[in-house]
Amino acid sequence: MSLRSLLLRHETILGLILVLALALLAVDNDRFFTAANLLNQGRLMTEVGLIAVVMTFVIITGGIDLSVGSILGLCAILVGVFWKTLGLPLPLAMVLVLVVGTLAGLVNGLIITRFRVPPLIATLATLALYRGLAEGISQAQSIRGYPSWFFVLGQGNLLGIPTQLWLLALVALVGFFILRYTAFGRATYAIGNNEAGAAFSGLDVTRTKLMIYAASGFVSALAAIVFVSRVSTTRSDMGSGIELDVITAVVLGGTSIFGGRGLVIGTLIGLCLVQVLKNGLALSGVKGDGTIVIIGVVLIAAVLVSNFLSRFTDD
């Protein structure tokens, strides 16, 4: 790749915007650019980041998964139900929750691949289904009283860095490696570019999609465990609306909503930019609705710039 192409890449432009935002917000408020605040923001964005890594794969294939927030809410409730109501050891409850999340994602994949239901419609339906299950199981009751060791994941630190950030880094590295250096990653891009062509080329499109949607459910369940550990309780409304934050980070990071293009590193930069804007604008006194407007403007501008620059860059 030429230097010109590298400099004009969406991820490079977005990285420069992130640096500019950090500089402006640091000048505007002396509480913003401190280690304590930045690490805390890293803690807060972990759940979205975990799901966003796999959502990058989903959107590269030309799909979408709107059910991730509902899977998170359902799995968060089940952590408490398996542990406190059914009396299972908490480590076993956590493993079972990961299984449930994976199965929920697999159901999405089966509906999309076997019954040929568009991903938008399929996951919109399961969004309602899984959220309804969460509310029905919880009966509007929250579950508290988790053992202290459980809070290490969501509230602890390792070498001065929030524990869940290490987890996010691990998931992101795995996602980056798979997408960039494996046959599975190449198949993901091929499906997004031309699904019919990928099938005729001998790629197992159905299997690839099933694995991606199952992974989406898995990381949603993982995010649920981190979420419960961070806030010390479970509620049926956990994860409500998180799918919009996830999709915003992925699309802002340069992944094409039409499929075939995207990088995990771009998603992470988009995630950081959204979190930086939320925190910095809040510290500067901008109200919540104003923050949403600004993030929306940044998202639209980034997509327009990306589309313009794509004419001059090598894919």
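Details of the structure are given in the entry above.
No experiment lies behind these values; they were computed from the predicted model shown. (Residues numbered from 1 in each chain as written. Predicted model: local features only at pLDDT ≥ 70, side-chain atom pairs only at ≥ 80, totals over all residues. Heavy atoms only, no water.)

Caption draft 1: Spotlight on the packing of helix α2 (residues 10–28) against helix α14 (residues 264–283). Where α2 meets α14, the closest approach of the two axes is 10 Å, and the angle between their N-to-C directions is 20°. Viewed along their axes, α2 and α14 adopt a mutual orientation that is roughly parallel. Taken as a pair, α2 and α14 cross one another with a handedness that is left-handed. Listed contacts from α14 to E11, L14, G15, I17, L18, A21, L22 and L25 of α2 are I265, G266, I269, G270, C272, L273, V276, G280 and L281. Across the contact of α2 with α14, the residue classes break down as 12 nonpolar, 4 polar and 1 charged. (Axes fitted to C-alpha atoms, helices over the stretch in contact; angles between N-to-C directions. Helix = DSSP H or I, 4+ residues; strand = E, 2+ residues; numbered from the N terminus. Parallel < 35°, antiparallel > 145°, perpendicular 65-115°, else oblique. Left-handed = near helix turned anticlockwise from the far one by under 90°. Contact = heavy atoms within 4.5 Å. Nonpolar A, V, L, I, M, F, W, Y, C, P; charged D, E, K, R; others polar.)

Caption draft 2: Inspection of the nonpolar core at higher detail. Membership of the largest hydrophobic core comes to 66 residues, with the highest contact counts inside it found for Y146 and F150. Going through the elements one at a time, α4 (46–60), α5 (68–85), α6 (90–114), α7 (119–138), α9 (163–181), α12 (205–231), α13 (242–252) and α14 are the ones with two or more residues in this core. With 12 residues, the top contributor of residues to this core is α5. Apart from the residues lying within four places of it in its own chain, the contact partners of Y146 are V79, G80, W83, L90, F151, V228, S232, T233 and T234. Membership of the second largest hydrophobic core comes to 14 residues, among which are V276, L277, L281 and I295. (Core = buried A, V, L, I, M, F, W, Y, C linked by side-chain atoms within 4.5 Å. Buried < 20%, exposed > 50% of the residue type's maximum accessible area, 1.4 Å probe, protein only.)

These figures capture arrangement, not role.
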